[in-house]
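Reading the structure
One letter stands for each residue in the lines below.
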Amino acid sequence: MKNFIKNFSCLVFIAIFYFSGTTLLRNHYEEVKINFYYSPVYVTFVTMVFFGAIGIVLALSRAGDSDRRAKTLKIDYSKLLVLGLPSLILSMTPIWAQLGLFKGFAWVYLYISTNDYILILSSIVLGHTLISSLRMEDAPEDVQKEDVRKDTKTIDITIR
């Protein structure tokens, strides 16, 4: 029963974020037809916030139950660089076009702007990557409350 409630609440949040994001984008595109003012910052903000939130909900749905033991937060930089950075770059395509970075490659921008699902999927991947790159591991027994260990590959933060 506990899993059912958790999965149902995730479904409700995903539906709310999807409906809100698509409604805001559809309203913006209707206003563009009337007054010819397209705001790439608004489109980027809506896709990254609402559809990125869908990715965050999907990543949090996989998170396990926590116990009272001390935990160490570790960040997986390779996942952030391999999945997160390209997703961030692709999600911000309308802003890059506004800055003039697609002058020689107009066909790339036209393809991405006519297929909105590319921006939506990259925002979902970005949100999921931001959360799934964080790991909680058991802290060593000798770690004090204020102790923060640093490593070259990960950042360790002790949570009690």
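Residues numbered from 1 in each chain as written. Predicted model: local features only at pLDDT ≥ 70, side-chain atom pairs only at ≥ 80, totals over all residues. Heavy atoms only, no water.

Some points on the overall build of the protein
Within the protein, the secondary structure is distributed over six helices and three strands. For the protein, the succession of helices and strands along the chain, N to C, is α-α-β-α-α-α-α-β-β. Residue burial in the protein is summarised as follows: out of 160 residues, 32% are buried. Partitioning the intrachain contacts of the protein with sequence separation of at least 6 by distance along the chain shows that 76% fall at a separation of at least 24. In the form shown here, the protein has an accessible surface area of approximately 11000 Å², with 67% of it arising from carbon and sulfur atoms. (Helix = DSSP H or I, 4+ residues; strand = E, 2+ residues; numbered from the N terminus. Buried < 20%, exposed > 50% of the residue type's maximum accessible area, 1.4 Å probe, protein only. Contact = heavy atoms within 4.5 Å. Areas by Shrake-Rupley, 256 points an atom, 1.4 Å probe, with all protein chains shown as cover.)

Structural notes on the packing of aromatic side chains
Tallied over the full model, the rule gives four aromatic pairs. With a centroid separation of 6.5 Å and 25° between ring planes, the pair formed by phenylalanine 13 and phenylalanine 17 is classed as stacked. Placement of both phenylalanine 13 and phenylalanine 17 in helix α1 (residues 2–35) is noted, with a separation of four residues, approximately one turn of the helix. Ring plane angle 70° and centroid distance 6.1 Å describe the contact between tyrosine 18 and phenylalanine 51, whose orientation is recorded as edge-to-face. Taken together, the residues tyrosine 18 in helix α1 and phenylalanine 51 in helix α2 (residues 40–61) connect sequence positions 33 residues apart. Of the residues examined, tyrosine 18 reaches a relative accessible area of 47% and is grouped as partly exposed. (Phe/Tyr/Trp six-rings, centres within 6.5 Å; stacked < 30°, edge-to-face > 60°.)

Thoughts on the nonpolar core
Core analysis: the largest hydrophobic core is formed by eight residues, namely Leu25, Val43, Val46, Phe50, Phe51, Ile54, Ile120 and Ile124. Those elements that provide at least two residues to this core are α2 and α6 (116–132). (Core = buried A, V, L, I, M, F, W, Y, C linked by side-chain atoms within 4.5 Å.)

What about the pattern of salt bridges?
The final tally for this structure, using the stated rule, is one salt bridge. The salt bridge partner of glutamate 30 is lysine 33, with a shortest N-O separation of 3.6 Å. On the criterion of helical spacing, the pair formed by glutamate 30 and lysine 33 is a turn pair, its members being three residues apart in helix α1. (Salt bridge = Lys/Arg side-chain N within 4 Å of Asp/Glu carboxyl O.)

A short note on the side chain of serine 122
Structurally, serine 122 is set in helix α6. Apart from the residues lying within four places of it in its own chain, the contact partners of serine 122 are Ser87, Leu90 and Ser91.

Here we look at the confidence of the model for the protein
For the protein, per-residue confidence averages 84 on the pLDDT scale, and residues scoring 70 or more make up 82% of the total. Across residues 144–152 the pLDDT falls below 50, and counting only partners more than four positions away or on other chains, this stretch makes nine contacts in the model. (pLDDT = per-residue confidence, 0-100.)

Re the side chain of threonine 129
When you line up the elements, threonine 129 lands in helix α6. In contact with threonine 129, not counting residues within four places along its chain, are Lys79, Leu80, Leu83 and Gly84.

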